[in-house]
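# A closer look at the structure
Single-letter residue listing:
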Amino acid sequence: MLKQETLKLDTINEFLPLLQKADFGVSIEEKFRVVMAIGLFSDKLVTLARAAELSGKSLSVFIEILNRKGIPWMEYTEESLEQDNIAISKYVELIGEEK
């Protein structure tokens, strides 16, 4: 079982002025949810869909927030590139056969 911990009031008070400056949300709670979701997603602790859910935003709005902050929301790996190149080659062959 996870050990439950509490935050010190001093710690919370230290972050409140910074949260108030965040430009995604109106209330402190809304801003907190988005900031935490971004952090968890960036650290790969949650999926994009789960981060959007935790933030209280739709997936498209959460992606817009990530884009505004310059945070990539998907990874294009070497494996993805290789698969795309194979698919493109097959498509080009198919087009050539149809002519």
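Rules of the game
Residues numbered from 1 in each chain as written. Predicted model: local features only at pLDDT ≥ 70, side-chain atom pairs only at ≥ 80, totals over all residues. Heavy atoms only, no water. Phe/Tyr/Trp six-rings, centres within 6.5 Å; stacked < 30°, edge-to-face > 60°. Helix = DSSP H or I, 4+ residues; strand = E, 2+ residues; numbered from the N terminus. Buried < 20%, exposed > 50% of the residue type's maximum accessible area, 1.4 Å probe, protein only. Salt bridge = Lys/Arg side-chain N within 4 Å of Asp/Glu carboxyl O. Contact = heavy atoms within 4.5 Å. Patch = residues over 30% accessible without salt bridge, like charges linked within 9 Å, V, L, I, M, F, W, Y side chains within 5 Å. Areas by Shrake-Rupley, 256 points an atom, 1.4 Å probe, with all protein chains shown as cover. Core = buried A, V, L, I, M, F, W, Y, C linked by side-chain atoms within 4.5 Å.

## As for the packing of aromatic side chains
Here the structure, examined in full by the defined rule, presents 1 aromatic pair. Ring centres of Phe-41 and Phe-62 lie 6.5 Å apart, and the angle between their planes is 85°; on these two criteria the pair is classed as edge-to-face. With Phe-41 in helix α2 (residues 28-42) and Phe-62 in helix α4 (residues 59-68), this residue pair connects regions lying 21 residues apart in the sequence. Per residue, the accessibility class of Phe-41 equals that of Phe-62, and both read buried.

## Structural notes on the pattern of salt bridges
Going through the model one piece at a time under the given rule, you end up with 5 salt bridges. The closest approach of N and O atoms between Lys-69 and Asp-23, which form a salt bridge, is 3.2 Å. Of this pair, Lys-69 sits in the loop between α4 and α5 (78-98) while Asp-23 sits in the loop between α1 (9-21) and α2, placing them 46 residues apart in sequence. On the basis of relative accessibility, which here comes to 40%, the residue Lys-69 falls in the partly exposed class. Between Lys-44 and Glu-75 there is a salt bridge, and its shortest N-O distance comes to 2.9 Å. Placement of the pair is Lys-44 in the loop between α2 and α3 (48-55) and Glu-75 in the loop between α4 and α5, with a sequence separation of 31 residues. Of the residues examined, Lys-44 reaches a relative accessible area of 60% and is grouped as exposed. Sharing partners across several salt bridges, the network here consists of Asp-23, Arg-68 and Lys-69.

## Digging into the side chain of Ser-55
Following the sequence through the fold, Ser-55 ends up in helix α3. Ignoring anything within four residues of it in the chain, the contact list for Ser-55 reads Arg-33, Val-34, Ala-37 and Phe-62.

## Comments concerning a nonpolar patch on the surface
There is a patch of nonpolar side chains on the surface, built from Trp-73, Met-74, Tyr-76 and Leu-81 and spanning about 400 Å² of accessible area. Within the secondary structure, Met-74 is located in the loop between α4 and α5.

## A few points about the nonpolar core
In terms of nonpolar packing, the biggest core is built from 15 residues, with Phe-24, Ile-38, Phe-41, Leu-48, Ala-51, Phe-62 and Leu-66 touching the most fellow members. Counting only elements with at least two residues in this core, the list comes to α2, α3 and α4. Leaving out residues up to four positions away in the same chain, Ala-51 has contacts with Ala-37, Phe-41, Val-46 and Phe-62.

## Details of the environment of Asn-13
Positionally, Asn-13 belongs in helix α1. According to the relative accessible area criterion, Asn-13 is partly exposed, its value standing at 41%. Sequence separation between Asn-13 and Asp-23 is 10 residues, and the spatial gap between their C-alpha atoms is 19 Å.

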